[in-house]
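Architecture at a glance
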Amino acid sequence: MSKTKTDMILEQKVNALLAKMTLEEKIGQMTQVRHFEITKEEVSSKFLGSIIHTEGPTPGETATDWQLKFIELQKQALSTRLAIPLLFGVDAVHGQNTFNGATIFPHNIGLGATKNPELVEKIASITALESQATGFNWVFSPCVAIPFNEKWGRVYEAFSESTELTTALTKASVKGHQGVLSDPHTVMATAKHFIGDGATDNGTEGGHTTLSAEDVSKYLLPPYQAAVDLGVGAVMASFNTLDGISMHAHKALITDTLKISMGFDGIVVSDWKGYSRFGETDIINAGIDMVMAVDGDLDTYQKGLKEAVGNGIVDQQRIDDATKRILRQKFRLGLFDNPFPDSALIEKIGCADHRNMARQAVRESLVLLKNKDNLLPLKKDSKIVVVGEFAENTGLQSGGWTVHWQGMTEDYRGAISILNGIQQLATNEILYDIDGTKNYDADVAIVVVGETPYAEFFGDIGGEINAYQLTLRQEHQNYINKYAEKGIPTVTILISGRPMVTTTQIEQSDAFVAAWLPGSEGDGIAQVLFGDYDFKGRLPHSWPKSVQDYQGKYGPNLWDNSLEPLFPFGYGLSY
Ligand code: GLC
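Each value, and the rule that gives it
- Counting starts from 1 at the beginning of each chain's written sequence and moves along it residue by residue.
- Predicted model: local features are reported for residues with pLDDT of at least 70 only, side-chain atom pairs are reported and counted for 80 or more only, and whole-chain, interface and lining totals are derived from all residues.
- Excluded from the side-chain calculation are hydrogens and water; included are all heavy atoms of the structure.
- Buried Ala, Val, Leu, Ile, Met, Phe, Trp, Tyr and Cys residues form a nonpolar core when they are joined through side-chain atoms within 4.5 Å.
- Buried means the residue's accessible area, taken with a 1.4 Å probe over protein chains only, is under 20% of the maximum for its type, while exposed means over 50%, and partly exposed covers the values in between.
- Residue ranges labeled as domains rest on an automatic or database domain assignment.
- Contacts between residues were defined by any pair of non-hydrogen atoms, one from each residue, lying within 4.5 Å.
- A cutoff of 4 Å decides nearness: a residue is near a molecule or strand if any of its heavy atoms lies inside that distance of it.
- By the criterion applied in these results, polar contacts are pairs of N or O atoms within 3.5 Å in which, for protein atoms, one can donate a hydrogen and the other can accept it, and in which residues neighboring in sequence qualify only through two side-chain atoms.
- The Shrake-Rupley method, run with a 1.4 Å probe, gives the accessible areas here. Residue values count only the displayed protein chains as cover.
- Strand pairing follows a simple DSSP-based rule, namely that at least 2 bridges must link the two strands.
- Going along the chain from the N terminus, every DSSP run of H or I of four or more residues is numbered as a helix, and every run of E of two or more is numbered as a strand.
- Between N-to-C directions, angles cover 0 to 180 degrees, with each direction set by a line fitted to C-alpha atoms, over the stretch in contact for helices.
- Any carboxyl oxygen of Asp or Glu within 4 Å of a side-chain nitrogen of Lys or Arg constitutes a salt bridge here.
- The aromatic pairing rule takes the rings of Phe, Tyr and Trp, using the six-membered ring of Trp, and pairs them if the centres are within 6.5 Å, calling planes under 30 degrees apart stacked, those over 60 edge-to-face and the rest tilted.
- In our convention, an over-ring charge means Lys NZ or Arg CZ found within 6 Å of a ring centre and within 35 degrees of that ring's normal.
- What counts as buried area is the accessible surface, traced by a 1.4 Å probe, that two parts surrender upon association, with contributions from both included.
- For classification purposes, an angle smaller than 35 degrees is called roughly parallel, one larger than 145 roughly antiparallel, one from 65 to 115 roughly perpendicular, and anything else oblique.
- Helix crossings fall into two classes, left-handed where the near helix is turned counterclockwise from the far one by less than a right angle and right-handed where it is turned clockwise.
- Under the convention adopted here, Pro, Cys and the residues Ala, Val, Leu, Ile, Met, Phe, Trp and Tyr are nonpolar, Asp, Glu, Lys and Arg are charged, and Gly plus all remaining residues are polar.
- The span you would expect from a helix comes to 1.5 Å times its residue count less one.
- A crossover counts as right-handed when, viewed with the strands pointing away from the observer, the path leading from the first strand over the helix to the second turns clockwise.

If you look at the biggest cluster of nonpolar residues, it comprises 72 residues, and the most contacted ones within it are Val491, Ile493 and Trp543. Split by domain, the residues of this core number at least three in each of domain 1 (25–346) and domain 2 (366–550). Contacts of valine 491, omitting those with residues within four sequence positions, involve Leu375, Leu376, Leu378, Val444, Ala445, Ile446, Val447, Ala511 and Leu529. Ranked by size, the runner-up nonpolar core spans 64 residues in total, among them Phe194, Val269, Ile284 and Ile288.

As a further point, take the site of the ligand. Inspection of the region around the ligand gives Thr54, Asp91, Phe140, Arg154, Lys192, His193, Met236, Phe239, Asp271, Trp272, Met292 and Glu456 as its neighbouring residues. Contact distances for the ligand include 2.7 Å between an oxygen atom and a side-chain N or O atom of histidine 193. Separating an oxygen atom of the ligand from a side-chain N or O atom of glutamate 456 is a distance of 3.1 Å. Within the complex, 96% of the 310 Å² of free accessible area of the ligand lies under protein.

With that settled, the discussion passes to the sheet that holds strand β5 (residues 190–194). Strand order in the open sheet formed by three strands is β5-β7-β10, and the pairing between neighbours is parallel. The strands lining the two open edges of the sheet, one partner per strand, are β5 and β10 (267–269). For this sheet the average axis-to-axis angle between neighbouring strands, irrespective of direction, equals 25 degrees. For strand β7 (residues 234–237) and β10, the ladder comprises three bridges, and the chain directions are parallel. Within the sheet, the bridge partner assigned to alanine 234 lies in β10 and is isoleucine 267.

Turning our attention to the pattern of salt bridges. Evaluated as defined, the whole model comprises 29 salt bridges. Between arginine 328 and glutamate 11 there is a salt bridge whose closest N-O contact spans 2.8 Å. Of this pair, arginine 328 sits in helix α13 (residues 316–332) while glutamate 11 sits in helix α1 (residues 5–20), placing them 317 residues apart in sequence. Judged by its relative accessible area of 9%, arginine 328 falls in the buried class. Arginine 473 is the partner of glutamate 475 in a salt bridge, and the nearest nitrogen-oxygen pair spans 3.1 Å.

The full count for this structure, using the stated rule, is 22 aromatic pairs. Measuring from ring centre to ring centre gives 5.5 Å for tryptophan 405 and phenylalanine 458, while their planes differ by 85 degrees; the resulting arrangement is edge-to-face. Pair noted here: tryptophan 405 is in the loop between β13 (384–387) and α15 (418–425) and phenylalanine 458 is in the loop between β15 (444–450) and α16 (474–485), with a separation of 53 residues, a long-range link. Relative accessible area serves as the criterion here: at 25%, tryptophan 405 is assigned to the partly exposed category. Looking at phenylalanine 458, the relative accessible area reads 27%, which means it is partly exposed. Summarising the aromatic geometry, the rings of tyrosine 554 and tryptophan 559 are spaced 6.5 Å apart at their centres and angled 70 degrees between planes, so their arrangement reads as edge-to-face. In this pair, the class of tyrosine 554 matches that of tryptophan 559, namely buried. Against the face of tryptophan 401 rests lysine 192, its NZ or CZ located 5.7 Å from the ring centre.

A word on the domain arrangement of the protein chain. Often, the extent of an interface is quoted as the loss of accessible area upon association of its parts. For the protein chain, the domain assignment lists domain 1 (25–346) and domain 2 (366–550). Taking the mean C-alpha position of each, domain 1 and domain 2 sit 33 Å from one another. Counting from both sides, the interface comprises 36 residues of domain 1 and, opposite them, 35 residues of domain 2. When the area that domain 1 buries against domain 2 is broken down by residue, the three leading residues are Asn100, Glu150 and Lys151, summing to 23%.

A few words now on the sheet that holds strand β8 (residues 241–242). Two pairing modes exist for strands in a sheet, parallel and antiparallel, and in both the strands are linked by backbone hydrogen bonds. An order of β6-β8-β9 is seen for the three strands of this open sheet, with the pairing classed as mixed. Strands at the two margins of the open sheet, each flanked by one partner only, are β6 (208–209) and β9 (245–246). For β6 and β8, the ladder comprises two bridges, and the chain directions are parallel. Note on β8: the bridge partner recorded for histidine 208 is threonine 241.

Moving on: the packing of α1 against α13. With their axes 9 Å apart at the nearest point, α1 and α13 run at an angle of 125 degrees to one another. Between α1 and α13, the angle falls in the class oblique. The hand of the α1/α13 crossing is right-handed. Here α1 contributes Leu10, Glu11, Lys13, Val14, Asn15, Leu17 and Leu18 to the contact with α13, which in turn contributes Asp320, Thr323, Lys324, Leu327, Arg328, Phe331 and Arg332. Of the residues that constitute the contact of α1 with α13, the class distribution is six nonpolar, two polar and six charged.

Quick look at helix α4 (residues 63–78) now. The end-to-end C-alpha distance of α4, which contains 16 residues, comes to 22 Å, matching closely the 22 Å that a straight helix rising 1.5 Å per residue would cover. What α4 keeps buried is the set Ala63, Trp66, Gln67, Phe70, Ile71, Leu73, Gln74, Gln76 and Ala77. Where α4 is buried, its residues touch α3 (40–45), β2 (50–53), β3 (87–90) and α6 (117–133).

All right, on to the side chain of glutamine 76 then. Mapping glutamine 76 onto the fold places it in helix α4. According to the relative accessible area criterion, glutamine 76 is buried, its value standing at 15%. With residues near it in sequence (within four places) discarded, glutamine 76 still touches Lys40, Glu41, Val43 and Ser44.

Take unusual backbone geometry next. Look at the link from serine 141 to proline 142: it is a cis peptide, with omega at 10 degrees. Within the secondary structure layout, proline 142 lies in the loop between β4 (138–139) and α7 (163–178). Between lysine 192 and the following residue, histidine 193, the backbone shows a cis peptide bond with an omega angle of -5 degrees. With phi around 50 degrees, phenylalanine 47 is a residue other than glycine that occupies positive phi space.

For β15, the tally of buried residues reaches seven of seven residues, placing the bulk of the element in the interior. Alternating residues of β15 divide into Val444, Ile446, Val448 and Gly450 and Ala445, Val447 and Val449, and every residue in both groups is buried. With four bridges connecting them, β13 and β15 associate as parallel partners. Looking at the pairing, valine 387 lines up with valine 447 of β15. Two strands pair when backbone bridges link them, and β15 and strand β16 (residues 490–495) are joined in this way by six bridges, in the parallel orientation. The residue of β16 that forms the bridge with valine 448 is isoleucine 493. Regarding the hand of the β-α-β motif, the stretch spanning β15, α16 and β16 is right-handed.

What follows is the structure, given as structure tokens:
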């Protein structure tokens, strides 16, 4: 890649600063911990490079509190000899979802259904702004996995089974998040998890990925190349193994492929406790530049790496390369000139414009799989019974990574439920049967069913926890049975992080909508049900016919047409 004058000036700054640094200061930059795991003094005494917030004690109650907490830590970092500013990272994967009150967008699977790069770019820019408003300059998003099997607990974090669609939306997401990286309203983005996270055998989170090098190149690398070509600032290593090697310690793919062949000059960051879990200094030699040294790993990591350099296990050049990559991104973010968040952004968190954009995304994410006798759009003066706990619970409609890592099963600040949306538009009586035990008569029943929130391995079907299944829970099947058997025209709304085996329920329903995980603006669903807007969503994944489709490594998908899906990728009806 030819270097511009700007690049050359940047490299001079990076090299000049590197030349002043001690080994401790370099290893400090390669260290990332949670804000509540260290004292303010340790930010400077351990020369920390990055602070994150994930689950656990929040940095405060209000966005101002969050900014002030991070300003305090930033000032501590700036009090060190070289005054190298901190990166503040967060899993803002569908809005700044760790902050209660932020705009929560549909998860990426719903954005995949919109097929709308312009919308995805706008959503990413809003997410960046609300992340900056709460003190962060780095988000661990987008997840650019290609899910091969719906049994994986993270299908919804990715856009689609289609490499082409994923690549297009990855470009939009990186552009939206990073914009002009030195702009205080934008953040550094992270393409994750490199590589093969969604293609493990039987969809096991962190399992083994059996894929040939050509299939990795054909199906999995294109979104990363697109992100790299757009200057994505970080790539996060994956928990899975590939070729029998932990991806955290996979030098051929991290260094030789990603950094050298693909030209990535940003930060490769480990995932959770990557150092202690995947080979300690092996991961540094493989090309990991910054380590998420959380949950007790901090001292072991810093001491272990210093010793490894001292006895030649890790070359000084590797440490210098890692440090330069970190400094390069901090310069690109403009942190040396402007290390603090802009308090003026706080008033924009959850504002009407942001929520309108989220509501548009909800509308465009909905996929109509069946509409017998054109039951939809509903008349606003219909007598309607709404069924199921998912209809009046904004936590249940939002999935994992909503305020908490595993999401919520109760309402959260600023969100609108599906039932509220229906009540706002309907002009006749709306009955609510929360658990399917009532015996209401109505012109139409809207039955809302789905998956309670989960994140990561908690959502694996067949995994160690195995709390989920490919079919609907029996009580949800009963909701549909009851109203369909009463002869009331039934619209089923499925809230899920993945396609599910719902062949029977689709047959029983007069209309069936895949709504994915809509997030805070649940009223977007009613706007389409009543016809104020048309259905635009198209399936980002093949829709399975039976549980038997999942006996092998993969489910029905674009590349293995030996399994006939119930509905193909790209399917969806409109009015
Ligand atoms: C988690 C996830 C990763 C996330 C990180 C920090 O284990 O795998 O996606 O960014 O840890 O929360």
